[in-house]
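Each chain, letter by letter, is given below.
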Amino acid sequence: MKKWNVAAIKAAKGKTKLGCATAYDAAFARLADEAGVPILLVGDSMGMTMLGYQTTRPVKMEETLSAVGAVSRASKDSLVVADLPFGSYQCGEDEAVKNAVAALKAGAAAVKLEGVTPRICALIARLAESGIPVLAHVGMTPQSVNEYGGFKRQGKTRKAADRILADALAVEKAGAFMVTLECIPSDLAAEITAALKIPTVGIGAGPVCDAQWLVMHDLLGINEKPPSFAKQYAHLAEEIRGAFSRYVDEVEKGVFPPA
Ligand code: KIV
């Protein structure tokens, strides 16, 4: 199986499309790694998928570090990326660098962060110069959900689309090695993918990006109400509920454990 690193991800642009996924624990990360998933993102989507919150915002740095450790211990070939949670890179550049270093020490090969203000671009540049590869994130950035008033598609007018194109060019210039395009029209994602030298990784951004994300719980059908753009490659919720139910039933009936 191919061993993925930042250089290999960059070199894949225009050659191989990459199906990337989130992972939050060792058991699932091992299976995804064995299946050849190029990038495993320890996403702050864990707030919803694993921790039962309504948004990504309550996720703490300690929770991210614990999950990054588990995922990276189980991954041999996938590139493990730590999604810096809300609050871990907004309280000053030194604090942000400290948290990014902690993510790499926990086992990540790179960090992901959202947004594109001048302060964020300066941070991307500093991290990249310090040997911490950065995967940027533009378009719909879930940590700003309160500003959007919900998880809403961005870039629908030409003016908004031009802003997102400019954002993507800015994070590339700052030194990001890849950029997430979330919930934007697919023709805009195609325009950005053509304009950038670095690869784009889309989620709800159509088929033309260099790579795709799927949140593991949507991909595996653990989440039974996935977003409309997601595809379920399995229906594990049904399987898992059925297994628990058969187990409870067999214990009640004295079938398990056998005499
Ligand atoms: O946390 C997450 O799952 C993400 C997606 C873009 C993959 O950031």
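For the structure, see preceding data.
All figures in this text were calculated on a predicted structure; none of them were measured in a lab. (Residues numbered from 1 in each chain as written. Predicted model: local features only at pLDDT ≥ 70, side-chain atom pairs only at ≥ 80, totals over all residues. Heavy atoms only, no water.)

## Some thoughts on helix α2 (residues 26–34)
And then number 1: Those residues of α2 not exposed but buried are A29, A32 and D33. Around the axis of α2, the buried residues are gathered within 100° of arc, so they sit on the same side.
And then number 2: The elements touched by buried residues of α2 are β2 (39–42) and α4 (61–74).
And then number 3: Sitting at the head of α2, D25 places a side-chain oxygen 3.0 Å from the backbone nitrogen of F28.
And then number 4: At the C-terminal side of α2, G36 shows a positive phi close to 90°. (Buried < 20%, exposed > 50% of the residue type's maximum accessible area, 1.4 Å probe, protein only. Helix = DSSP H or I, 4+ residues; strand = E, 2+ residues; numbered from the N terminus. Arc of directions from axis to C-beta. Contact = heavy atoms within 4.5 Å. Polar contact = N/O pair within 3.5 Å; in protein donor to acceptor, adjacent residues only side chain to side chain.)

## Focus: the site of the ligand
And then number 1: Taken together, 13 residues sit near the ligand, with G43, D44, S45, D83 and K112 positioned nearest.
And then number 2: Between the ligand and the protein, one listed contact pairs an oxygen atom with a side-chain N or O atom of K112 at 3.0 Å.
And then number 3: Protein contacts shield 96% of the accessible area of the ligand, which totals 260 Å² for the unbound molecule.
And then number 4: A class-by-class count of the residues in the shell around the ligand yields four nonpolar, five polar and four charged. (Near = heavy atom within 4 Å. Areas by Shrake-Rupley, 256 points an atom, 1.4 Å probe, with all protein chains shown as cover. Nonpolar A, V, L, I, M, F, W, Y, C, P; charged D, E, K, R; others polar.)

## Thoughts on the nonpolar core
Within soluble globular proteins, side chains that are nonpolar tend to cluster in buried spots.
And then number 1: Counting residues in hydrophobic clusters, the biggest one holds 74 residues, and the most contacted among them are L113, I124, L127, L181 and I192.
And then number 2: In terms of residue count, the dominant contributor to this core is helix α8 (residues 158–174) (six residues).
And then number 3: Here L127 is in contact with V97, A100, V111, L113, I132 and V134, once residues within four sequence places are set aside. (Core = buried A, V, L, I, M, F, W, Y, C linked by side-chain atoms within 4.5 Å.)

## Some points on the sheet that holds strand β3 (residues 79–83)
Neighbouring strands of a sheet are bound in pairs by backbone hydrogen bonds; such pairs are parallel or else antiparallel.
And then number 1: Pairing in this closed barrel of eight strands is parallel, and the strands run β1-β2-β3-β4-β5-β6-β7-β8 around the ring. Direction aside, the axes of adjacent strands within the sheet are offset by 25° on average.
And then number 2: Sheet topology note: the strand β1 (residues 18–22)/β2 ladder contains two bridges and is parallel. Bridge pairing in β2 places T22 opposite L41.
And then number 3: The strands that α4 touches are β2 and β3; relative to β2, the one it contacts most, it runs at about 155°.
And then number 4: In this fold α8 packs onto β5 (134–139) and β6 (178–182), with an angle of close to 170° to the strand it touches most, β5. (Pairing = 2+ DSSP bridges. Axes fitted to C-alpha atoms, helices over the stretch in contact; angles between N-to-C directions.)

## Things to note about the side chain of E182
And then number 1: Here E182 shows up in strand β6.
And then number 2: One buried charge, E182, has no salt-bridge partner; the nearest side chain with opposite charge is K112, at 6.0 Å.
And then number 3: Here the side chain of E182 touches H137 through a polar contact of 2.9 Å, side chain to side chain.
And then number 4: Ignoring anything within four residues of it in the chain, the contact list for E182 reads H137, V138, G139, M140, P142 and I203. (Lys, Arg positive; Asp, Glu negative; His and termini not counted. Salt bridge = Lys/Arg side-chain N within 4 Å of Asp/Glu carboxyl O.)

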